[in-house]
Amino acid sequence: MGTNCLFDGLLAGRETDPRRLLLVPGDRSWSYADVVDLSGRFANLLRQRGVEPGDRVAVQVDKSVAAIALYLATVRAGAVFLPLNTAYTRAEVGYFLDDADPAMFVCSPARATEFDGIDARIETLDGAAGGSLLQSAQALSPQFANVARGPGDLAAILYTSGTTGLSKGAMLSHDNLLSNALTLVDYWQFSDKDVLLHALPIFHTHGLFVATNVILICGGSMIFLPRFGVDAMLEQLPHATSMMGVPTFYTRLLADDRFDRGLVAHMRLFVSGSAPMLAETHVQFEQRTGHRILERYGMTETNMNTSNPYSGERRVGSVGFPLPGVEIRITDPESGAALEPGDTGMIEVRGPNVFVGYWRKPEKTAEELRADGFFITGDMGMIDADGYLHILGREKDLVISGGYNIYPKQIETEIDALDGVVESAVFGIPDADLGEVVAAAVVLEPGAALDQARLIDALGSGLARFKLPRKVVFLDELPRNAMGKVQKNSLREAYG
Ligand code: MLC
Ligand code: AMP
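Note that this is a predicted model, so its numbers are computed, not measured. (Residues numbered from 1 in each chain as written. Chains lettered and ligands numbered in written order. Predicted model: local features only at pLDDT ≥ 70, side-chain atom pairs only at ≥ 80, totals over all residues. Heavy atoms only, no water.)

Trainee: Explain the overall build of the protein residue by residue, including any values.
Mentor: Each helix and strand counted, the protein has 15 helices and 25 strands in total. Against the compact-globule benchmark of 23 Å for 496 residues, the protein has a radius of gyration of 23 Å, which places it among compact chains. The burial tally for the protein puts 59% of its 496 residues in the buried class. Of the roughly 19,500 Å² of accessible surface on the protein, a fraction of 50% belongs to carbon and sulfur atoms. (Helix = DSSP H or I, 4+ residues; strand = E, 2+ residues; numbered from the N terminus. Rg over C-alpha atoms; globule rule 2.2 N^0.38 Å. Buried < 20%, exposed > 50% of the residue type's maximum accessible area, 1.4 Å probe, protein only. Areas by Shrake-Rupley, 256 points an atom, 1.4 Å probe, with all protein chains shown as cover.)

Trainee: An account of the sheet that holds strand β15 (residues 321-322) is needed here, citing residue identities and associated values.
Mentor: Across the sheet, which stays open at both edges, the 9 strands sit in the order β2-β1-β10-β9-β11-β12-β13-β14-β15 with mixed pairing between neighbours. The outermost strands of the open sheet, each flanked by one partner alone, are β2 (29-31) and β15. Pairing analysis gives 3 bridges linking strand β1 (residues 20-23) to β2, with the strands arranged antiparallel. Bridging across to β2, Leu 23 finds its partner in Ser 29. Sitting on the sheet, helix α7 (residues 205-218) touches β1, β9 (195-198), β10 (221-224), β11 (242-245), β13 (294-299) and β14 (303-307), and the angle it makes with β9 is about 165°. (Pairing = 2+ DSSP bridges. Contact = heavy atoms within 4.5 Å. Axes fitted to C-alpha atoms, helices over the stretch in contact; angles between N-to-C directions.)

Trainee: Give a detailed account of the site of ligand 2, specifying residues and quantitative values.
Mentor: Arg 296, Thr 300, Asp 379, Lys 396 and Asn 405 are the nearest of the 17 residues found near ligand 2. Lys 396 is positioned with one of its side-chain polar atoms (N or O) 2.7 Å from an oxygen atom of ligand 2. Elements with a minimum of two residues in the shell around ligand 2: β13 and β20 (389-394). With 5 residues, the single largest contributor to the shell around ligand 2 is β13. Across the shell around ligand 2, the residue classes tally to 7 nonpolar, 5 polar and 5 charged. (Near = heavy atom within 4 Å. Polar contact = N/O pair within 3.5 Å; in protein donor to acceptor, adjacent residues only side chain to side chain. Nonpolar A, V, L, I, M, F, W, Y, C, P; charged D, E, K, R; others polar.)

Trainee: Can you break down the sheet that holds strand β24 (residues 435-444) residue by residue, with the values?
Mentor: Ordered in space as β23-β24-β25, the 3 strands form an open sheet in which the pairing is mixed. Because the sheet does not close on itself, it has two edges, and the strands there are β23 (421-431) and β25 (471-474). Ignoring which end each strand starts from, the neighbouring axes of this sheet average 25° apart. Note that β23 and β24 share 10 bridges and pair antiparallel.

Trainee: Go over the site of ligand 1, please, and point to the residues and values.
Mentor: Around ligand 1 sit 23 residues, and of these Arg 252, Ser 274, Arg 296, Ser 401 and Arg 465 come closest. Taking Gly 402, its main chain carries an N or O atom lying 3.0 Å from a nitrogen atom of ligand 1. In this structure, Arg 470 approaches ligand 1 through a side-chain N or O atom, which is 2.8 Å from a nitrogen atom. Look at ligand 1: alone it shows 1,000 Å² of surface, and the protein chains cover 73% of it. At the level of elements, α7, α9 (247-254) and β13 are the ones that each hand at least two residues to the shell around ligand 1. Looking at the shell around ligand 1 residue by residue, the class counts come to 10 nonpolar, 9 polar and 4 charged.

Trainee: Explain the layout of surface pockets to me, and be specific about the residues and the numbers.
Mentor: As a volume, the second largest pocket reaches approximately 180 Å³. What lines the second largest pocket is a set of 12 residues, among which Glu 15, Val 36, Arg 76, Pro 142 and Gln 143 lie closest to the centre. When residues of the lining of the second largest pocket are traced back to their parent elements, those giving at least two are α1 (5-11) and α2 (32-48). Among the elements that make up the lining of the second largest pocket, the one with the highest residue count is α2 (3 residues). Taken together, the residues of the lining of the second largest pocket sort by class into 6 nonpolar, 2 polar and 4 charged. (1 Å grid on protein atoms, 1.4 Å probe; cavity = no way out; pocket = protein on both sides within 12 Å on 5 of 7 lines; lining within 4 Å. Points joined across faces, edges and corners; volume = space filled by probe spheres on them.)

Trainee: Tell me what's going on with the pattern of salt bridges, and back it up with residues and numbers.
Mentor: This model, assessed by the stated rule, comprises 32 salt bridges. Arg 149 is paired through a salt bridge with Asp 153; the nearest N and O atoms lie 3.9 Å apart. Between Asp 192 and Lys 193 there is a salt bridge, with its nearest N and O atoms 3.6 Å apart. Overall, Asp 192 belongs to the partly exposed group, its relative accessible area being 41%. A relative accessible area of 65% places Lys 193 in the exposed class. Sharing partners across several salt bridges, the network here consists of Arg 14, Asp 17, Arg 19, Asp 192 and Lys 193. (Salt bridge = Lys/Arg side-chain N within 4 Å of Asp/Glu carboxyl O.)

Trainee: Which residues make up empty space enclosed by the protein, and what values do they have?
Mentor: Going through the model one piece at a time under the given rule, you end up with 2 cavities of 30 Å³ or more. Of the volumes computed, that of the largest cavity is approximately 80 Å³. If you trace the largest cavity, you find it lined by Val 59, Gln 60, Val 61, Ala 67, Ile 68, Phe 81, Pro 83, Leu 84, Ile 202 and Phe 203. Secondary-structure elements contributing two or more residues to the lining of the largest cavity are β3 (56-60), α3 (65-76) and β4 (80-83).

Next up, the structure:
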């Protein structure tokens, strides 16, 4: 048995720890020992099924304790964990499977037949209830000699689009994930007394690497909700010490009168990120509860970059200071030259948190990761006189809706392929609940029989439902500048 950088950092010494790690309301609680046990059985199964160190294990399953154990098993087996949004369609998942070439694909039993004929071995997982993976794992030993993995070895690939429309696998090393989680435990003062209310999905950085890895390291526990729902949150908040969420979680809680000071007086920490939080949400939250939300800034490629301080001023409208070990610089987006404090420009980041590169796309890696190690985020920002970073916009063409990233290019391609469409432009418009939602401006051929309902219906088979436009306008032509570039800002102003 060798040292396995990430697994050892997260769970060394916890193999027989009887303390509670996960409580699933209405179901049961799982100790550290229980979860390590299941991860050992799964790791043995991965090996038995031919998953070799370095192989990808792609996973599109509902949130469950078993899914967390599968993540840990993949790391223990020296393989690379590749989680996928459960909303992705067959066509979307097909792209990731072709690109990542996994040795195994784990999906929900209900969807297994959709994937008949793919190259990877298919297994199924349905929470604690069933699926082939759990059935086979019961008969196997929980003892597993972890595959040796060093800090630079790959632990996970998460697909994201960086500054372009094309989905690329961000390769994250053992040390990328471990170093960032260790920093956050310290910076946000997590301890084994913490009970984190976990309502985020576990196929993204926020719910998997920030929330889960932080709790594993500090020895705390999580109340593990299958999804976000206001009633369940109100029921569980009295039993939690801390919570992490996207801004929509907070606006939905604030919209409910039962969410009040008394309910959360005992809480230690509320963290927000993945999308910008409006100043008015910060203000309303503090007035209602007496707590100021701690806002931080991260990305799939970089884990967490900056955070407001735990003690000290949490500045509304700012994402705080670079985390220890992380460097932030603001540059001229055209020339790449460093700018002065107070100037607005491209946010670049360097540190042990920054990913290794894009999977099998060295040319894309070279475009976004500079030779000196700084990553070009595509976010525009400014560092104020006190050193706080403010995000002031995005240069990348991206809509963030309820914390999910939606790439206009992907949706434009699908719309443009429909009969009767000449061209389209997809853009984000403000939305009180989700921050932004998708809108589309579409130019039709003369006589084309498409309306909003038909267009959305036609997109539905290929695109995950959260990406579907909520508003469609039909125009004679798209607004363009002198260079011929579509002016999405003027579309946003006209139809937002
Ligand atoms: C669901 N729907 C969405 C949506 N989520 N539409 C747009 N944007 C979203 N985010 C749609 C569904 O397709 C469905 O449409 C309808 O809404 C109801 O679905 P639901 O599943 O019942 O939705 P709901 O439970 O309300 O989900 C909203 C949400 C969820 C905000 C709770 O989206 C969520 O948990 N978001 C968190 C995302 C997250 O973890 N991001 C972190 C990324 S990591 P229809 O048409 O079928 O009715 C990252 C780095 C970092 O960014 O810094 O952290
Ligand atoms: P993703 O590619 O899903 O990791 O999304 C990362 C993007 O989310 C960043 O590049 C930012 O644009 C955005 N983001 C994350 N946290 C914040 C925040 N606190 N404020 C504003 N934008 C954020």
